[in-house]
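Here's the letter readout for the chains.
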Amino acid sequence: MNLLEVKNLNTSFKIGVGTVQAVRGVSFHVKEAESIGIVGESGSGKSVTMLSVMGLLPNYATITADSLLFDGKELTKMTPKELRALHGSDIGMIFQDPMTSLNPLFTVQNQLMEPLRIHQHMNRAQAKARALELLKLVEIPDPEARLKQYPHEFSGGMRQRVMIAIAIACNPKMVIADEPTTALDVTIQAQILDLLNHLKREMNTSIIMITHDLGVIASMCSRILVMYGGIICEEGTAREIFYDARHPYTWGLLNSIPKIHGDPNEKLIPIHGTPPDMLMPPKGCPFAPRCEYCMPVCREYMPPRTVLNETHAVTCHLMHPKAPKVTREV
Ligand code: SF4
């Protein structure tokens, strides 16, 4: 059963020089207890998509959607108060930099207790006991002593564990993790991913992992959405994206990550060029200016979404039966 269903989401921002079209006609779903990854480079629209769903964008954003259905409730019809009640209770969020999300003036205990008191209506003693349980769950050593400390007394990895504990405090149905490991060292990154994987199995929570790094979601997500220029350019199971990708941008992402068993001297191939200016997105395919397979039709018309099977879909003119046959060189 679908926990989240997003249909035809469009988000734009009015700024002094014009309108930034950040998200254009995005549709996807997340099933109960499923983990999906949204991958793309900065400015592709991946974070804005989820902030739009959560209603967490500033006033100068315009969001339209045919439907944003979460757990059977239509989010577009909710008041800001109802949406706030959903955040922290049914939906937890983990951000890239825990230092900007944690309040430096309050102890970790206070920050863990707050959602429990507000959303679960626990008394002080119950909330304190649950806060301790949560720190143990995210494997913070010496949790009794750590509860009384302030965020600056924690390392980056430990702060991220605290953020995860806050996000899962009320047993949410869905957790959105926006670049949760980007600010961390590689070894700490692996520990945080292990922890998220462990919690996913223990708590049966759906996870939406937003990242620019395909490697990060390889071990976590059963399905992947690849975003570019505000659209979903390819979506499929992890196997389809890693072993049978069909979109030139996905090929570019795959070519730019190192292979574990590859030649150590092998050069990684970057994607040349820069992302499109979303104040004036290209008329046709947003990837056209950087695509080595670009055809005249690509510059004129937005490619249609071609469904290859019930999990795999690609938005590229190369999927047209009359397009030249090209495959990824590995
Ligand atoms: Fe490249 Fe054309 Fe496909 Fe866009 S539609 S990715 S420009 S081949």
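Structure's up top.
Residues numbered from 1 in each chain as written. Predicted model: local features only at pLDDT ≥ 70, side-chain atom pairs only at ≥ 80, totals over all residues. Heavy atoms only, no water.

Novice: Would you explain the sheet that holds strand β13 (residues 313-315) in this entry?
Specialist: Pairing between the strands of a sheet comes from backbone hydrogen bonds, and it takes one of two forms, parallel or antiparallel. Across the sheet, which stays open at both edges, the 8 strands sit in the order β7-β8-β9-β3-β10-β11-β13-β12 with mixed pairing between neighbours. The sheet terminates laterally at β7 (91-94) and β12 (305-307), the two strands that pair on one side only. Ignoring which end each strand starts from, the neighbouring axes of this sheet average 20° apart. One ladder, built from 4 bridges, connects strand β3 (residues 35-39) with strand β10 (residues 223-228); its direction is parallel. When the bridges of β10 are listed, I38 appears paired with L225. Of the strands in this sheet, β7 and β8 (174-178) are in contact with helix α7 (residues 156-168), which crosses β7 at around 170°. (Pairing = 2+ DSSP bridges. Helix = DSSP H or I, 4+ residues; strand = E, 2+ residues; numbered from the N terminus. Axes fitted to C-alpha atoms, helices over the stretch in contact; angles between N-to-C directions. Contact = heavy atoms within 4.5 Å.)

Novice: Just to check I follow, could you spell out the site of the ligand for this structure?
Specialist: Around the ligand, 13 residues are found, and the nearest of them are C285, C291, C298, C316 and H317. Its atoms largely coinciding with the cavity grid, the ligand occupies the largest cavity. (Near = heavy atom within 4 Å. 1 Å grid on protein atoms, 1.4 Å probe; cavity = no way out; pocket = protein on both sides within 12 Å on 5 of 7 lines; lining within 4 Å. Sits in = over half its atoms within 2 Å of the grid points.)

Novice: Looking at this structure, how should I read the packing of aromatic side chains?
Specialist: Remark: the centre distance and the inter-plane angle together describe each pair of aromatic rings, the angle taken between the planes. Evaluated as defined, the whole model comprises 5 aromatic pairs. Relative to F287, the ring of Y228 lies with its centre 5.0 Å away and its plane at 80°, an arrangement referred to as edge-to-face. Residue Y228 is located in strand β10, and its partner F287 is located in the loop between α11 (248-255) and α12 (296-300); the two are separated by 59 residues in the primary sequence. Grouping residues by exposure puts Y228 and F287 together as buried. When the ring of W251 is compared with that of Y293, the centres are 5.5 Å apart and the planes differ by 85°; the resulting orientation is edge-to-face. Of the two residues, W251 is situated in helix α11 and Y293 in the loop between α11 and α12; the sequence distance between them amounts to 42 residues. A residue is classified by how much of its surface remains accessible, and W251, at 5% relative accessible area, is buried. Through a chain of ring-to-ring contacts, the aromatic side chains of Y228, Y249 and F287 assemble into a single cluster. (Phe/Tyr/Trp six-rings, centres within 6.5 Å; stacked < 30°, edge-to-face > 60°. Buried < 20%, exposed > 50% of the residue type's maximum accessible area, 1.4 Å probe, protein only.)

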